[in-house]
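Chain residues, written in single-letter form:
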Amino acid sequence: MFETRAEAVAHDFASFPSFVEVANFSGTVDKGRIQYKPVGAPPSDPAHPAYLKLTSSALAATQWCVLHERAPTLDMFGAAGDDGDDTDAFLFAVDHLHESGLSHLQLGHGIFSTSQTIDLPSNFGIEGYGSRRQSGSELAPSHLRWRGGEAPMFTTSGSQLSFRGFGVDNYGSATNWLGLNSGAISNLYEDLYFFVPDGATKFSDAVIKSNGNRMGYSDFKRIRFNSAASFFVYVDGQGTSNSITSLDFDNCLFYAGPGGVANVLYTYGEKIEVVTFRNTTVIAQGAYCRLVDTTGNPLPVAIDTLLIETCEFDCTGSFSGWRYGRLQNVKNAAFRSNKITGGGAMTAAFDLYGSNVTACDSNHYDSIQYMFAKDSGSTVSAGTNIRDTSNTNGLVA
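As the structure is a computational prediction, the values presented were derived from the model and not from experiment.

What counts, and where the lines are drawn
- Residues numbered from 1 in each chain as written.
- Predicted model: local features only at pLDDT ≥ 70, side-chain atom pairs only at ≥ 80, totals over all residues.
- Heavy atoms only, no water.
- Helix = DSSP H or I, 4+ residues; strand = E, 2+ residues; numbered from the N terminus.
- Buried < 20%, exposed > 50% of the residue type's maximum accessible area, 1.4 Å probe, protein only.
- Contact = heavy atoms within 4.5 Å.
- Areas by Shrake-Rupley, 256 points an atom, 1.4 Å probe, with all protein chains shown as cover.
- Lys, Arg positive; Asp, Glu negative; His and termini not counted.
- Charge placed at Lys NZ, Arg CZ, Asp CG, Glu CD.
- Salt bridge = Lys/Arg side-chain N within 4 Å of Asp/Glu carboxyl O.
- Pairing = 2+ DSSP bridges.
- Axes fitted to C-alpha atoms, helices over the stretch in contact; angles between N-to-C directions.

S.K.: Explain the overall build of the protein chain here, please?
M.R.: Scanning the protein chain from terminus to terminus reveals 2 helices and 35 strands. Along the first, second and third principal axes, the C-alpha atoms of the protein chain reach 95 × 45 × 35 Å. Taken over 397 residues, the protein chain has a buried fraction of 55%. For the protein chain, the proportion of contacts with a sequence separation of at least 24, taken over those separated by at least 6, is 73%. By element, 46% of the accessible surface of the protein chain is carried by carbon and sulfur atoms, the whole surface being about 15700 Å². Positive and negative charge centroids in the protein chain, built from 27 and 40 side chains respectively, lie 6 Å apart.

Structure follows, in structure tokens:
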């Protein structure tokens, strides 16, 4: 085994081995054993850190080797994880994994900063060691940080992507964390934390921006969002006739505080077949936080089926004119077993415009005048719900 890549390159081999192991990628920090295996043809990019060039004066020959790891980590490609610029390491890693038929990149511990947009291929995953804050720190063990200009941190025209177990913040002027540019997008987002620490700023557009996509099935699990953008998911149909099959949110927390207003899901000009929110908490403290907004969507049906179930809504500010949701052209909406608190100043929790609530059962609402405010083109079919004893108004305004 060689201590560093440089030692392996400088070594004069009597004969070429079947593999080469390197203990330290950079020579300063132990990264674990990294294995390289011989490859037939010279690489198109000899400077790529995924490759090693071995030399044998006895054989008067050279031998190229390629990184051979089934679960490569970002530090294997040169990332330090110390909040320095790891853009090159990201680019190298994504390129090599895609060319090698691998689909999973482990972040490791640290702050991994980028200043250039990384375009991700289909069937690709990025995974960290969890988004829960470390003791004595507001950062996750694995943390992604943007330090570039007005551009997304990631873009993709592919599908079947997964993002798990890391935190995200913006110390540059990023528009989005992820820009979905085309295709039938079906992605998994799990155990992620988006927030604005001291010195950082919000994403200027949305955390996730869908631009005219035919999105398939996307799942959002254990997402924590703390005023990191004005929108968490912004769906822009851009005049296409595309539609989205399903967006499923489960066990998420969305918070709007002094950092500014937040909309969890906003859709314009594109139909979504099914949207589901389960076991999700919405907190408005110092600024409003809206779960779903389809107002302004010109389509006859903005969402075909909307289910909001076992969710909790809490308001600690005085926002009399805002709502937890504004539903326009929602064909079938169901509300079941939710706890809704209005903070005393809210007149209604949800506005309905040309929308139909086909089920409303076992919801508990208090400190709010009405659960729904509807226009003449909307209908509400309700079962048994519980309201605060001080609330003498009905379910619908």
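S.K.: Just to check I follow, could you spell out the pattern of salt bridges for this structure?
M.R.: Side chains bearing opposite charge may pair, as long as their charged atoms lie close to each other. Applying the stated criterion across every chain, the model contains 10 salt bridges. Between E190 and R164 there is a salt bridge whose closest N-O contact spans 3.1 Å. Of this pair, E190 sits in strand β15 (residues 187–194) while R164 is found in strand β13 (residues 161–170), placing the two residues 26 residues apart along the sequence. Looking at R164, the relative accessible area reads 31%, which means it is partly exposed. For K209, the salt bridge is made with D205, and the minimal N-O distance between the two is 3.0 Å. K209 sits in the buried class, given a relative accessible area of 11%. A cluster of three or more residues bridged by salt bridges with shared partners is formed by D83, R145, R147 and D169.

S.K.: Which parts of the structure should I look at to understand the sheet that holds strand β14 (residues 176–180)?
M.R.: Adjacent strands of a sheet pair through backbone hydrogen bonds, lying either parallel or antiparallel. One open sheet holds the 10 strands; their spatial order is β9-β12-β14-β16-β18-β21-β24-β27-β30-β33, and the pairing between them is parallel. Both outer strands of the open sheet, β9 (118–120) and β33 (370–374), are each paired with one neighbouring strand and no more. Strand-to-strand twist across the sheet, computed as the mean angle between neighbouring axes with direction ignored, equals 20°. Where strand β12 (residues 154–156) and β14 come together, 3 bridges link them in parallel fashion. By the bridge assignment, F154 is partnered in β14 with L178. Contacts from helix α2 (residues 87–100) reach β9 and β12 within the one sheet, and its direction differs from that of β9 by about 20°.

S.K.: Would you mind showing me how to read unusual backbone geometry here?
M.R.: Most peptide bonds are trans, and most residues other than glycine sit at a negative phi. One non-glycine residue, D83, lies in the positive phi region at around 75°. Relative to the elements of secondary structure, D83 occurs in strand β6 (residues 82–85). A relative accessible area of 22% means that D83 is categorised as partly exposed. Positive phi outside glycine occurs at R222, with the angle close to 55°. One can find R222 in strand β17 (residues 217–226). Using a relative accessible area of 34% as the deciding quantity, one classes R222 as partly exposed.

S.K.: Looking at this structure, I do not really get the environment of F163. What am I missing?
M.R.: Counting through the fold element by element, F163 comes out in strand β13. Linking F163 and D83, residues 80 residues apart in sequence, is a C-alpha distance of 20 Å.

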